[in-house]
Amino acid sequence: MSAVEEDVGPSRERSLAPFFTLARRTRYALHQGSRVALYTLHSEAVRRMNRELQKDLPEIPKVVPDGPVPSQRRMLADIVKLFAADLTAVEDGLYPMPSDGTMTPGELLATSRAFFRDAPEVTRRRATGAHQEVNEGTSGFTAALPRYYRQNFHFQTDGWLSEGSARLYDFQVDVLFSGATAAMRRRALVPFAKILRRKDQRKVAYADLACGTGGLLRPALAAFPRLTGTGIDLSEPYLNVARDRLKSRRARFVTAMAEQLPFADNSLDVVSCVFLFHELPPKIRRQVFGEVARVLKPGGSFLFVDSLQTGDVPDYDGLLSVFPQLFHEPYYTSYLTEDFSRMAASNGLEERWWTSAFVSRVAEYVKSD
Ligand SMILES: C[S@@+](CC[C@H](N)C(=O)[O-])C[C@H]1O[C@@H](n2cnc3c(N)ncnc32)[C@H](O)[C@@H]1O
């Protein structure tokens, strides 16, 4: 074959590259754009529904933001920025094109209907301050759970304690975050992909703490095809849903407390944790951080995704300040000023970097060698 013939393939590919790029970006924009539209419509519909329901309920005490509140436009701009970073990571080959929201139309419709059926209950709890319903008639596995955990977090039906709650959870969170939740979680896959470049995935010991229904474990195992991972959570029903959604032999699930991890000292290469720390009382928060430090190998990484804190993006401070009242987040206010960098240092971890991603703070902590 002549040199000219040899060149035909790659040069044709090169000339078509702009079209592939355009097609990929269009696909991404359509996919994420339709998700934002879907969840924004749900959010608007539920807001209108609440206005009607509220007429028959005690008036909710007015919550006054302690700081600036971003406009809708600003938040949308930050979501677009998040999606742009997500797409860049895909184009840099760090993880594959995401497949968020792969529910069938039938499943989507059923979940949407369940969401609207449940919404008046959430509104009633918010208006009456009812956040201890999970403790009425507590029995079986729930009775043994820690007291701080047995609450109707976010005023949600059954708190963390039923499969019904687990099946609605991701949809509810996406209504709150306009469909951007999965993209926020994926920020943890960027440092994860870089760590794995230096390692044999098959030999990496990995756990996701408070994995819930598998919101990070699923994309992590999809992105890194030889990785195995253990999802830890205190909620059996949430783990059952995670098992159901992530039918992979590379995933293992263990019901356990993040403050008493079922791992030996210095045994894990990577630990991740998404949206747990703001749900914990300060004392438990510190214990969990201590446990992460204990189980990580020297040089191992802790990948952290959670809410923004006060001052991270000052334009959001007022919004963060009203969140605990509106969504029953009993430990969130103390979370807002928790010094994680110091907490890390006192446990032998170093905060390597942190960054904001829409309403999330993403950070990496590395255990000293
Ligand atoms: C806000 S959800 C986050 C779930 C998941 N990481 C995600 O990204 O969607 C909080 C999760 O933390 C779990 N959880 C709360 N306290 C816990 C604890 N002390 N130990 C283990 N899991 C806990 C709950 O059961 C729930 O699944």
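Residues numbered from 1 in each chain as written. Predicted model: local features only at pLDDT ≥ 70, side-chain atom pairs only at ≥ 80, totals over all residues.

Colleague: Any details on the pairing of strand E2 (residues 229-233)? Residues and values, ideally.
Modeller: Burial runs high along E2: five of the five residues are buried. What you see with E2 is no split at all: Gly229, Gly231 and Asp233 on one side and Thr230 and Ile232 on the other are buried throughout. By the bridge criterion, three bridges tie strand E1 (residues 206-209) to E2 in an arrangement that is parallel. The partner of Ala207 across the bridge, within E2, is Thr230. At this point the chain moves from E1, through helix H7 (residues 217-223), to the parallel E2, and the crossover so formed is right-handed. One crossover worth recording links E2 to the parallel strand E3 (residues 251-255) by way of helix H8 (residues 236-245), and it is right-handed. (Buried ≥ 20, exposed ≤ 12 C-beta atoms within 10 Å, placed from the backbone. Helix = DSSP H or I, 4+ residues; strand = E, 2+ residues; numbered from the N terminus. Pairing = 2+ DSSP bridges. Right-handed = clockwise from strand over helix to strand, strands pointing away.)

Colleague: Describe the confidence of the model for the chain, listing the residues and the values that go with them.
Modeller: When pLDDT is averaged along the chain, the result is 92, and 96% of the positions lie at 70 or above. Note on residues 1-6: pLDDT under 50 across the span, and one contact to partners over four residues away in sequence or across chains. (pLDDT = per-residue confidence, 0-100. Contact = placed C-beta atoms within 7 Å.)

Colleague: Please provide a residue-by-residue account of helix H2 (residues 72-91), values included.
Modeller: Under the 1.5 Å per step criterion, the end-to-end length of H2 is 28 Å for 20 residues, consistent within 8% with the ideal 28 Å. Of all the residues in H2, the buried ones are Ile79, Leu82, Phe83 and Asp86. Angularly, the buried residues of H2 cover 95° about the axis, an arc narrow enough to put them on a single face. The exposed set on the far side of H2, more than 90 degrees from its buried face, consists of Arg73 and Thr88. After H2 finishes, the residue Gly93 shows a positive phi value of roughly 80°. (Expected span 1.5 Å × (residues − 1). Arc of directions from axis to C-beta.)

Colleague: How would you summarise the packing of helix H4 (residues 163-176) against H8 if you had to cite specific residues and measurements?
Modeller: In helix packing, the relevant descriptors are the interaxial angle and the interaxial distance, both defined with respect to the helix axes. As a packed pair, H4 and H8 sit with axes 8 Å apart at the nearest point and diverge in direction by 60°. Taken as axis vectors, H4 and H8 run oblique relative to one another. For the crossing formed where H4 meets H8, the hand is right-handed. Each of Glu163, Ser165, Ala166 and Arg167 in H4 lies in contact with H8, whose residues at this interface are Pro237, Tyr238, Asn240 and Val241. (Axes fitted to C-alpha atoms, helices over the stretch in contact; angles between N-to-C directions. Parallel < 35°, antiparallel > 145°, perpendicular 65-115°, else oblique. Left-handed = near helix turned anticlockwise from the far one by under 90°.)

Colleague: Before we move on, can you summarise the environment of Gln54 with the specific residues and values?
Modeller: Note on placement: Gln54 falls in helix H1 (residues 3-54). Accessibility expressed as a C-beta count within 10 Å gives 15 for Gln54, which makes it partly exposed. Sequence separation of Gln54 and Arg124 is 70 residues, and the distance between their C-alpha atoms is 8.2 Å. Not counting the four nearest positions on each side in its chain, Gln54 is found in contact with Thr123 and Ala127.

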